Amino acid sequence: MSGFLFAVPPLVGHINPAVGVAAELAARGHRVAWVCADAGLVHRLAGPAATVFPCAGALAGERPAGLRGAEALKFLWEWFLVPLADAMAPGVAAAVDEFRPDVVVADQQAFAGALVAERLGLPWATSATTSAEFGGAYDGIPKVAEWLRDRLAELRGRFGDPAGTADPRFSPHLTLAFTTPELAGPTDRTAVRYVGPSISERPVADGFPWDWLDPSRERVLISLGTANADVGGRFLAECVAAVRERADRVQALVADPGGTLPPAADDKDILILPSLPQLPLLERVDAVVCHAGHNTVCEALWHGVPLVVAPIRDDQPVIAGQVVDVGAGLRVRFGRVTAPRLGEALDTVLYEPGPRTAAARIRTAFRAAGGAPAAATHLEALAADPYARRPDEQAE
(Lines give C-alpha, C1' and ligand atoms only; values in the text may rest on other atoms or scores of the structure.)
Protein backbone atom coordinates (compact mmCIF):
# COMPACT_ATOMS: atom_id res chain seq x y z
CA MET A 1 0.00 0.00 0.00
CA SER A 2 1.29 3.44 -0.99
CA GLY A 3 0.21 6.96 -0.11
CA PHE A 4 -0.73 9.59 -2.70
CA LEU A 5 -1.27 13.27 -1.87
CA PHE A 6 -3.13 15.28 -4.52
CA ALA A 7 -2.26 19.00 -4.49
CA VAL A 8 -4.92 20.90 -6.44
CA PRO A 9 -6.11 24.48 -6.94
CA PRO A 10 -9.66 25.34 -5.86
CA LEU A 11 -11.01 24.95 -9.41
CA VAL A 12 -13.60 22.40 -10.54
CA GLY A 13 -11.92 21.75 -13.88
CA HIS A 14 -8.64 20.88 -12.16
CA ILE A 15 -10.10 18.69 -9.44
CA ASN A 16 -12.52 16.64 -11.54
CA PRO A 17 -9.90 14.75 -13.60
CA ALA A 18 -8.04 13.79 -10.42
CA VAL A 19 -11.20 12.51 -8.71
CA GLY A 20 -11.42 9.38 -10.82
CA VAL A 21 -7.72 8.64 -10.38
CA ALA A 22 -7.91 9.09 -6.62
CA ALA A 23 -10.96 6.83 -6.44
CA GLU A 24 -9.19 4.14 -8.46
CA LEU A 25 -6.15 4.29 -6.20
CA ALA A 26 -8.35 4.04 -3.10
CA ALA A 27 -10.20 1.07 -4.59
CA ARG A 28 -6.84 -0.67 -5.01
CA GLY A 29 -6.14 -0.23 -1.31
CA HIS A 30 -3.84 2.81 -1.37
CA ARG A 31 -3.97 5.77 0.99
CA VAL A 32 -5.24 8.91 -0.72
CA ALA A 33 -5.49 12.49 0.53
CA TRP A 34 -5.90 15.98 -0.88
CA VAL A 35 -4.48 19.41 -0.08
CA CYS A 36 -6.59 22.31 -1.33
CA ALA A 37 -7.73 25.76 -0.26
CA ASP A 38 -11.38 24.75 -0.65
CA ALA A 39 -12.05 21.56 1.28
CA GLY A 40 -15.78 21.90 0.65
CA LEU A 41 -15.24 21.85 -3.10
CA VAL A 42 -13.09 18.70 -2.88
CA HIS A 43 -15.72 17.03 -0.70
CA ARG A 44 -18.44 17.95 -3.18
CA LEU A 45 -16.50 16.50 -6.11
CA ALA A 46 -14.60 13.61 -4.49
CA GLY A 47 -17.10 12.68 -1.80
CA PRO A 48 -17.63 13.66 1.83
CA ALA A 49 -15.26 10.95 3.07
CA ALA A 50 -12.24 12.41 1.24
CA THR A 51 -9.30 13.33 3.47
CA VAL A 52 -8.48 16.98 2.78
CA PHE A 53 -5.63 18.91 4.38
CA PRO A 54 -6.15 22.67 4.53
CA CYS A 55 -4.03 25.30 2.86
CA ALA A 56 -4.43 28.91 1.78
CA GLY A 57 -4.91 30.00 -1.79
CA ALA A 58 -8.38 31.33 -2.56
CA LEU A 59 -9.20 33.32 -5.68
CA ALA A 60 -8.67 37.05 -5.19
CA GLY A 61 -11.57 38.76 -6.94
CA GLU A 62 -12.21 38.51 -10.68
CA ARG A 63 -10.10 39.10 -13.75
CA PRO A 64 -10.89 42.04 -16.02
CA ALA A 65 -13.14 40.72 -18.76
CA GLY A 66 -11.32 42.31 -21.69
CA LEU A 67 -7.88 40.75 -21.25
CA ARG A 68 -6.67 38.52 -24.08
CA GLY A 69 -3.47 36.87 -25.30
CA ALA A 70 -0.15 37.50 -23.53
CA GLU A 71 -1.73 40.24 -21.41
CA ALA A 72 -4.30 37.75 -20.05
CA LEU A 73 -1.59 35.15 -19.43
CA LYS A 74 0.56 37.61 -17.50
CA PHE A 75 -2.39 38.69 -15.40
CA LEU A 76 -3.36 35.06 -14.68
CA TRP A 77 0.11 34.30 -13.36
CA GLU A 78 0.47 37.50 -11.33
CA TRP A 79 -3.13 37.49 -10.05
CA PHE A 80 -3.60 33.80 -9.35
CA LEU A 81 -0.94 31.20 -10.13
CA VAL A 82 2.08 32.75 -8.38
CA PRO A 83 0.09 33.92 -5.31
CA LEU A 84 -1.59 30.49 -5.21
CA ALA A 85 1.79 28.77 -5.10
CA ASP A 86 3.09 31.02 -2.32
CA ALA A 87 -0.10 30.58 -0.32
CA MET A 88 -0.31 26.80 -0.76
CA ALA A 89 3.33 25.98 0.04
CA PRO A 90 3.10 25.94 3.87
CA GLY A 91 -0.07 23.83 3.77
CA VAL A 92 1.45 21.38 1.30
CA ALA A 93 4.53 20.99 3.51
CA ALA A 94 2.33 20.42 6.59
CA ALA A 95 0.21 17.86 4.71
CA VAL A 96 3.32 15.97 3.61
CA ASP A 97 4.61 15.96 7.16
CA GLU A 98 1.34 14.57 8.54
CA PHE A 99 0.23 12.26 5.73
CA ARG A 100 3.67 10.93 4.72
CA PRO A 101 2.87 10.23 1.07
CA ASP A 102 5.02 8.13 -1.21
CA VAL A 103 4.09 10.34 -4.18
CA VAL A 104 2.78 13.89 -4.48
CA VAL A 105 0.39 14.32 -7.42
CA ALA A 106 0.58 18.03 -8.24
CA ASP A 107 -1.86 19.74 -10.56
CA GLN A 108 -0.02 21.46 -13.39
CA GLN A 109 -1.06 24.84 -12.00
CA ALA A 110 -0.45 23.98 -8.34
CA PHE A 111 3.27 24.69 -8.49
CA ALA A 112 3.62 24.40 -4.71
CA GLY A 113 2.94 20.67 -4.86
CA ALA A 114 5.83 20.05 -7.23
CA LEU A 115 8.31 22.46 -5.64
CA VAL A 116 7.69 21.35 -2.05
CA ALA A 117 7.99 17.69 -3.08
CA GLU A 118 11.23 18.47 -4.90
CA ARG A 119 12.64 20.23 -1.83
CA LEU A 120 11.71 17.32 0.42
CA GLY A 121 13.12 14.70 -1.94
CA LEU A 122 9.73 13.13 -2.72
CA PRO A 123 8.82 11.80 -6.17
CA TRP A 124 6.04 13.82 -7.73
CA ALA A 125 3.75 13.42 -10.69
CA THR A 126 2.05 16.14 -12.69
CA SER A 127 -1.70 16.05 -13.19
CA ALA A 128 -1.95 17.90 -16.52
CA THR A 129 -5.54 19.05 -16.87
CA THR A 130 -4.78 20.84 -20.13
CA SER A 131 -2.52 19.86 -23.01
CA ALA A 132 -1.99 23.42 -24.22
CA GLU A 133 1.69 23.56 -23.26
CA PHE A 134 2.70 20.09 -24.46
CA GLY A 135 3.51 21.43 -27.90
CA GLY A 136 5.46 24.41 -26.57
CA ALA A 137 2.65 26.94 -26.93
CA TYR A 138 4.92 29.80 -25.80
CA ASP A 139 8.16 28.66 -27.43
CA GLY A 140 7.48 30.94 -30.37
CA ILE A 141 7.19 33.93 -28.03
CA PRO A 142 10.64 34.04 -26.40
CA LYS A 143 9.90 36.99 -24.10
CA VAL A 144 6.79 35.28 -22.73
CA ALA A 145 8.61 31.97 -22.24
CA GLU A 146 11.48 33.74 -20.46
CA TRP A 147 9.07 35.68 -18.25
CA LEU A 148 7.34 32.44 -17.20
CA ARG A 149 10.67 30.76 -16.42
CA ASP A 150 11.69 33.74 -14.28
CA ARG A 151 8.47 33.53 -12.24
CA LEU A 152 9.00 29.81 -11.64
CA ALA A 153 12.63 30.40 -10.64
CA GLU A 154 11.50 32.98 -8.10
CA LEU A 155 9.02 30.49 -6.61
CA ARG A 156 11.73 27.84 -6.38
CA GLY A 157 13.94 30.32 -4.59
CA ARG A 158 11.23 31.04 -2.02
CA PHE A 159 10.17 27.51 -1.07
CA GLY A 160 11.63 24.94 -3.47
CA ASP A 161 15.02 23.30 -3.81
CA PRO A 162 17.48 25.98 -4.99
CA ALA A 163 19.46 23.25 -6.74
CA GLY A 164 16.38 21.90 -8.55
CA THR A 165 16.07 22.24 -12.29
CA ALA A 166 12.79 20.55 -13.25
CA ASP A 167 9.94 22.63 -14.64
CA PRO A 168 7.21 22.26 -11.98
CA ARG A 169 4.62 22.08 -14.76
CA PHE A 170 6.14 18.86 -16.11
CA SER A 171 7.40 16.23 -13.70
CA PRO A 172 10.54 14.42 -14.86
CA HIS A 173 9.11 11.34 -13.11
CA LEU A 174 5.59 11.22 -14.58
CA THR A 175 3.21 13.65 -16.28
CA LEU A 176 -0.34 12.37 -16.62
CA ALA A 177 -1.96 13.87 -19.72
CA PHE A 178 -5.73 13.54 -19.69
CA THR A 179 -5.93 13.49 -23.48
CA THR A 180 -4.38 11.51 -26.36
CA PRO A 181 -2.06 12.35 -29.27
CA GLU A 182 -5.02 11.90 -31.63
CA LEU A 183 -6.38 15.19 -30.27
CA ALA A 184 -3.44 17.01 -28.69
CA GLY A 185 -0.74 15.86 -31.09
CA PRO A 186 2.61 14.33 -30.10
CA THR A 187 5.00 15.88 -27.62
CA ASP A 188 8.77 15.72 -27.20
CA ARG A 189 8.52 16.24 -23.44
CA THR A 190 9.79 13.31 -21.43
CA ALA A 191 7.77 11.18 -19.01
CA VAL A 192 4.40 12.20 -20.48
CA ARG A 193 1.78 9.43 -20.37
CA TYR A 194 -1.36 9.94 -22.42
CA VAL A 195 -4.17 8.34 -20.41
CA GLY A 196 -7.19 10.02 -21.98
CA PRO A 197 -9.95 11.72 -19.99
CA SER A 198 -10.56 10.62 -16.42
CA ILE A 199 -14.32 10.22 -16.37
CA SER A 200 -15.96 9.32 -13.08
CA GLU A 201 -19.45 9.51 -11.69
CA ARG A 202 -20.46 12.84 -10.23
CA PRO A 203 -23.29 13.69 -7.88
CA VAL A 204 -26.38 14.87 -9.76
CA ALA A 205 -28.82 17.13 -7.97
CA ASP A 206 -32.37 15.88 -7.76
CA GLY A 207 -35.04 17.61 -9.74
CA PHE A 208 -33.50 17.89 -13.20
CA PRO A 209 -36.40 17.75 -15.71
CA TRP A 210 -35.25 14.83 -17.83
CA ASP A 211 -38.70 14.53 -19.42
CA TRP A 212 -38.15 18.02 -20.92
CA LEU A 213 -35.86 16.47 -23.54
CA ASP A 214 -37.63 16.03 -26.87
CA PRO A 215 -36.47 12.88 -28.69
CA SER A 216 -37.80 14.24 -32.00
CA ARG A 217 -35.33 17.16 -32.03
CA GLU A 218 -31.56 17.53 -31.93
CA ARG A 219 -30.30 18.67 -28.56
CA VAL A 220 -27.47 21.15 -27.95
CA LEU A 221 -25.67 21.72 -24.66
CA ILE A 222 -24.34 25.28 -24.23
CA SER A 223 -21.83 26.03 -21.48
CA LEU A 224 -19.00 28.47 -20.82
CA GLY A 225 -17.70 26.60 -17.77
CA THR A 226 -17.62 27.69 -14.15
CA ALA A 227 -15.10 30.52 -14.45
CA ASN A 228 -16.67 32.68 -17.16
CA ALA A 229 -20.01 33.70 -15.64
CA ASP A 230 -18.95 37.34 -15.72
CA VAL A 231 -18.28 37.56 -19.46
CA GLY A 232 -20.79 35.27 -21.13
CA GLY A 233 -24.03 37.25 -21.31
CA ARG A 234 -23.84 38.48 -24.90
CA PHE A 235 -22.56 35.16 -26.23
CA LEU A 236 -25.26 33.12 -24.51
CA ALA A 237 -27.94 35.48 -25.81
CA GLU A 238 -26.69 34.98 -29.39
CA CYS A 239 -26.74 31.20 -28.83
CA VAL A 240 -30.34 31.39 -27.64
CA ALA A 241 -31.31 33.45 -30.68
CA ALA A 242 -29.68 30.95 -33.03
CA VAL A 243 -31.57 28.07 -31.43
CA ARG A 244 -34.88 29.99 -31.52
CA GLU A 245 -34.56 30.18 -35.30
CA ARG A 246 -34.25 26.37 -35.38
CA ALA A 247 -36.76 25.50 -32.68
CA ASP A 248 -38.70 23.24 -35.02
CA ARG A 249 -35.72 20.85 -34.99
CA VAL A 250 -33.37 21.90 -32.15
CA GLN A 251 -33.59 22.20 -28.36
CA ALA A 252 -30.89 23.84 -26.22
CA LEU A 253 -29.83 23.37 -22.62
CA VAL A 254 -27.96 26.46 -21.39
CA ALA A 255 -25.77 26.72 -18.29
CA ASP A 256 -26.04 30.30 -17.06
CA PRO A 257 -24.35 30.47 -13.63
CA GLY A 258 -24.24 34.26 -13.71
CA GLY A 259 -27.96 34.68 -14.33
CA THR A 260 -27.33 36.79 -17.44
CA LEU A 261 -30.33 35.48 -19.38
CA PRO A 262 -33.97 36.21 -18.53
CA PRO A 263 -35.73 33.13 -17.14
CA ALA A 264 -38.33 31.55 -19.39
CA ALA A 265 -41.20 29.65 -17.79
CA ASP A 266 -42.63 26.62 -19.60
CA ASP A 267 -40.20 27.06 -22.48
CA LYS A 268 -40.14 23.89 -24.61
CA ASP A 269 -37.20 25.05 -26.75
CA ILE A 270 -34.61 26.53 -24.34
CA LEU A 271 -33.87 25.26 -20.83
CA ILE A 272 -31.77 27.76 -18.83
CA LEU A 273 -30.35 26.71 -15.48
CA PRO A 274 -27.46 27.90 -13.28
CA SER A 275 -25.78 24.52 -13.72
CA LEU A 276 -26.37 21.36 -15.72
CA PRO A 277 -25.58 17.69 -15.06
CA GLN A 278 -23.04 17.71 -17.87
CA LEU A 279 -21.87 14.10 -17.99
CA PRO A 280 -25.30 12.44 -18.14
CA LEU A 281 -26.47 15.08 -20.60
CA LEU A 282 -23.55 14.35 -22.92
CA GLU A 283 -25.02 10.89 -23.38
CA ARG A 284 -28.19 12.53 -24.70
CA VAL A 285 -27.12 15.59 -26.73
CA ASP A 286 -26.06 15.92 -30.36
CA ALA A 287 -23.70 18.92 -30.15
CA VAL A 288 -21.91 21.10 -27.60
CA VAL A 289 -21.26 24.84 -27.77
CA CYS A 290 -18.55 25.86 -25.31
CA HIS A 291 -15.51 28.00 -24.53
CA ALA A 292 -13.02 25.26 -25.46
CA GLY A 293 -12.22 24.47 -21.86
CA HIS A 294 -10.12 21.30 -21.81
CA ASN A 295 -12.47 19.33 -19.57
CA THR A 296 -15.63 20.19 -21.50
CA VAL A 297 -13.98 19.46 -24.84
CA CYS A 298 -12.60 16.12 -23.70
CA GLU A 299 -15.83 15.07 -21.99
CA ALA A 300 -17.79 15.88 -25.15
CA LEU A 301 -15.38 13.96 -27.37
CA TRP A 302 -15.36 11.05 -24.88
CA HIS A 303 -19.04 10.75 -25.83
CA GLY A 304 -18.38 11.32 -29.54
CA VAL A 305 -20.22 14.67 -29.55
CA PRO A 306 -18.99 17.35 -32.02
CA LEU A 307 -18.44 20.92 -30.90
CA VAL A 308 -18.72 24.58 -31.70
CA VAL A 309 -15.90 26.23 -29.75
CA ALA A 310 -15.59 29.91 -28.82
CA PRO A 311 -12.34 30.33 -26.87
CA ILE A 312 -12.13 33.21 -24.44
CA ARG A 313 -8.61 33.18 -22.89
CA ASP A 314 -5.80 31.16 -21.32
CA ASP A 315 -5.34 27.72 -22.93
CA GLN A 316 -8.70 27.82 -24.72
CA PRO A 317 -7.44 29.04 -28.14
CA VAL A 318 -4.95 26.16 -28.20
CA ILE A 319 -7.61 23.58 -27.30
CA ALA A 320 -10.00 25.10 -29.85
CA GLY A 321 -7.27 24.73 -32.46
CA GLN A 322 -6.95 21.05 -31.60
CA VAL A 323 -10.69 20.52 -32.10
CA VAL A 324 -10.64 22.25 -35.48
CA ASP A 325 -7.43 20.54 -36.63
CA VAL A 326 -8.88 17.05 -36.09
CA GLY A 327 -12.19 18.03 -37.72
CA ALA A 328 -14.35 17.47 -34.64
CA GLY A 329 -15.89 20.93 -34.63
CA LEU A 330 -15.89 24.54 -35.74
CA ARG A 331 -14.48 27.67 -34.11
CA VAL A 332 -16.31 30.98 -33.79
CA ARG A 333 -15.20 34.30 -32.32
CA PHE A 334 -16.46 34.64 -28.77
CA GLY A 335 -16.54 38.43 -28.70
CA ARG A 336 -18.03 39.06 -32.14
CA VAL A 337 -20.06 36.05 -33.22
CA THR A 338 -23.68 36.66 -34.17
CA ALA A 339 -26.71 34.39 -34.06
CA PRO A 340 -26.61 33.74 -37.84
CA ARG A 341 -22.96 32.64 -37.69
CA LEU A 342 -23.64 30.45 -34.66
CA GLY A 343 -26.60 28.96 -36.47
CA GLU A 344 -24.44 28.10 -39.49
CA ALA A 345 -21.88 26.43 -37.23
CA LEU A 346 -24.59 24.47 -35.42
CA ASP A 347 -26.07 23.30 -38.71
CA THR A 348 -22.65 22.05 -39.78
CA VAL A 349 -21.90 20.02 -36.65
CA LEU A 350 -25.46 18.71 -36.40
CA TYR A 351 -26.14 17.75 -40.00
CA GLU A 352 -22.87 17.30 -41.87
CA PRO A 353 -21.09 13.95 -41.33
CA GLY A 354 -17.51 15.21 -41.01
CA PRO A 355 -17.52 16.60 -37.45
CA ARG A 356 -19.43 13.62 -36.02
CA THR A 357 -17.11 11.15 -37.76
CA ALA A 358 -14.06 12.96 -36.39
CA ALA A 359 -15.56 13.12 -32.91
CA ALA A 360 -16.23 9.38 -33.04
CA ARG A 361 -12.59 8.79 -34.00
CA ILE A 362 -11.37 10.74 -30.97
CA ARG A 363 -13.90 8.90 -28.79
CA THR A 364 -12.32 5.60 -29.82
CA ALA A 365 -8.81 6.86 -29.04
CA PHE A 366 -9.88 8.28 -25.69
CA ARG A 367 -11.51 5.05 -24.55
CA ALA A 368 -8.54 2.97 -25.62
CA ALA A 369 -6.14 5.12 -23.58
CA GLY A 370 -7.26 3.70 -20.26
CA GLY A 371 -8.43 6.76 -18.31
CA ALA A 372 -8.27 6.70 -14.52
CA PRO A 373 -7.20 3.04 -14.23
CA ALA A 374 -4.23 3.66 -16.55
CA ALA A 375 -3.27 6.78 -14.59
CA ALA A 376 -3.46 4.84 -11.32
CA THR A 377 -1.21 2.11 -12.72
CA HIS A 378 1.42 4.68 -13.73
CA LEU A 379 1.27 6.21 -10.26
CA GLU A 380 1.65 2.80 -8.63
CA ALA A 381 4.76 2.17 -10.70
CA LEU A 382 6.19 5.54 -9.67
CA ALA A 383 5.56 4.81 -5.99
CA ALA A 384 7.13 1.36 -6.27
CA ASP A 385 10.31 2.62 -7.93
CA PRO A 386 10.54 6.39 -8.44
CA TYR A 387 13.79 6.19 -10.39
CA ALA A 388 12.99 3.26 -12.66
CA ARG A 389 13.15 3.97 -16.36
CA ARG A 390 9.70 3.51 -17.83
CA PRO A 391 9.49 1.00 -20.70
CA ASP A 392 8.59 3.65 -23.27
CA GLU A 393 11.38 6.06 -22.37
CA GLN A 394 14.33 6.31 -24.70
CA ALA A 395 17.78 5.42 -23.41
CA GLU A 396 20.02 8.38 -22.98
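What counts as what
- Residues numbered from 1 in each chain as written.
- Predicted model: local features only at pLDDT ≥ 70, side-chain atom pairs only at ≥ 80, totals over all residues.
- Heavy atoms only, no water.
- Phe/Tyr/Trp six-rings, centres within 6.5 Å; stacked < 30°, edge-to-face > 60°.
- Buried < 20%, exposed > 50% of the residue type's maximum accessible area, 1.4 Å probe, protein only.
- Lys NZ or Arg CZ within 6 Å of the ring centre and 35° of its normal.
- 1 Å grid on protein atoms, 1.4 Å probe; cavity = no way out; pocket = protein on both sides within 12 Å on 5 of 7 lines; lining within 4 Å.
- Points joined across faces, edges and corners; volume = space filled by probe spheres on them.
- Helix = DSSP H or I, 4+ residues; strand = E, 2+ residues; numbered from the N terminus.
- Axes fitted to C-alpha atoms, helices over the stretch in contact; angles between N-to-C directions.
- Parallel < 35°, antiparallel > 145°, perpendicular 65-115°, else oblique.
- Left-handed = near helix turned anticlockwise from the far one by under 90°.
- Contact = heavy atoms within 4.5 Å.
- Nonpolar A, V, L, I, M, F, W, Y, C, P; charged D, E, K, R; others polar.
- Salt bridge = Lys/Arg side-chain N within 4 Å of Asp/Glu carboxyl O.
- Pairing = 2+ DSSP bridges.
- Polar contact = N/O pair within 3.5 Å; in protein donor to acceptor, adjacent residues only side chain to side chain.
- Core = buried A, V, L, I, M, F, W, Y, C linked by side-chain atoms within 4.5 Å.

Per an unreviewed UniProt entry, the chain carries the name Glycosyltransferase and comes from Streptomyces sp. 900105755.

Taken as a whole and assessed by the stated rule, the structure comprises eight aromatic pairs. Summarising the aromatic geometry, the rings of Trp-79 and Phe-80 are spaced 5.8 Å apart at their centres and angled 45° between planes, so their arrangement reads as tilted. Taken as a pair, Trp-79 and Phe-80 share a single burial class, namely buried. Taken together, the ring pairs in this structure connect Phe-75, Trp-79 and Phe-80 into an aromatic cluster. The side chain of Arg-31 reaches across the aromatic face of Phe-99, ending 4.5 Å from its centre. Above the face of the Phe-170 ring, Arg-189 is positioned so that its terminal group lies 3.8 Å from the ring centre.

Considering all chains together, one arrives at two cavities of 30 Å³ or more under this definition. Taken as a whole, the largest cavity holds about 90 Å³ of empty space. In this structure, the largest cavity is lined by 12 residues; those nearest its centre are Pro-17, Pro-197, Ser-198, Asn-295 and Glu-299. When residues of the lining of the largest cavity are traced back to their parent elements, those giving at least two are α1 (12-27) and α9 (294-302).

A few words on the packing of helix α4 (residues 111-120) against helix α5 (residues 142-159). Relative orientation of the contacting elements α4 and α5 amounts to 50°, with a least axis distance of 10 Å. Classified by the angle between their axes, α4 and α5 sit oblique to one another. Seen from above, α4 lies across α5 with right-handed handedness. Here Phe-111, Ala-112, Leu-115, Val-116, Glu-118 and Arg-119 of α4 lie close against α5, whose contacting residues are Leu-152, Leu-155, Arg-156 and Phe-159. Residues of the contact of α4 with α5, tallied by class, amount to seven nonpolar, no polar and three charged.

Bringing the pattern of salt bridges into the picture now. Tallied over the entire structure, the rule returns 17 salt bridges. The partner of Asp-214 in a salt bridge is Arg-217, and the shortest N-O contact between them spans 3.0 Å. Salt-bridge contacts for Arg-234 lead to Glu-238; the nearest nitrogen and oxygen are separated by 4.0 Å. Of this pair, Arg-234 and Glu-238 both sit in helix α7 (residues 233-244), separated by four residues, roughly a single helical turn. Take Glu-238: its relative accessible area is 21%, and that puts it in the partly exposed class. Members of the salt-bridge network, linked through shared partners, are Asp-214, Arg-217, Arg-244, Asp-267 and Asp-269.

A few words on the pairing of strand β6 (residues 174-177). Burial along β6 is two-sided: Leu-174 and Leu-176 and Thr-175 and Ala-177, pointing in opposite directions, are all buried. Where strand β5 (residues 124-128) lies against β6, four bridges are found, and the strand directions are parallel. The partner of Ser-127 across the bridge, within β6, is Leu-176. Note: β6 against strand β7 (residues 192-194), three bridges, orientation parallel. Across the sheet, Ala-177 pairs through a bridge with Tyr-194, a residue of β7.

Here the focus is helix α10 (residues 316-325). Along α10, the positions that sit buried rather than exposed are Gln-316, Ile-319, Ala-320, Gly-321, Gln-322 and Val-323. Looking at the buried side of α10, the elements it contacts are α6 (181-184), α9, β12 (307-309) and β13 (329-331). Phi turns positive one or two residues past the end of α10, at Gly-327, with a value near 85°.

Turning next to the sheet that holds strand β3 (residues 52-54). The seven strands are arranged β3-β2-β1-β4-β5-β6-β7 in an open sheet whose pairing can be described as parallel. Each having just a single partner strand, β3 and β7 make up the two edges of the open sheet. On average, each strand axis in the sheet is tilted by 25° relative to the strand beside it, whichever way the strands run. Across three bridges, the pairing between strand β2 (residues 31-36) and β3 is parallel. Bridge pairing links Trp-34 to Val-52 in β3. Running at roughly 140° to β2, helix α2 (residues 39-46) makes contact with β2 and β3 of the sheet.

Attention now moves to the side chain of Arg-156. Among the secondary structure elements, Arg-156 is positioned in helix α5. On the basis of relative accessibility, which here comes to 10%, the residue Arg-156 falls in the buried class. Within the structure, the side chain of Arg-156 is placed 3.0 Å from the side chain of Glu-118, a separation counted as a polar contact.

Among the nonpolar cores identified, the biggest contains 39 residues, and Leu-5, Val-35, Trp-77, Met-88, Phe-111, Leu-155 and Phe-159 are the most heavily contacted of them. If you list the elements that add at least two residues to this core, you get β1 (3-7), β2, α3 (69-99), β4 (103-107), α4 and α5. At 15 residues, the largest contribution of residues to this core is made by α3. Sequence-distant contacts of Phe-111, defined by excluding residues within four places in its chain, comprise Trp-77, Leu-81, Ala-85, Leu-152, Leu-155, Pro-168 and Arg-169. Counting residues in hydrophobic clusters, the runner-up holds 33 residues, among them Cys-298, Val-326, Ala-358 and Phe-366.

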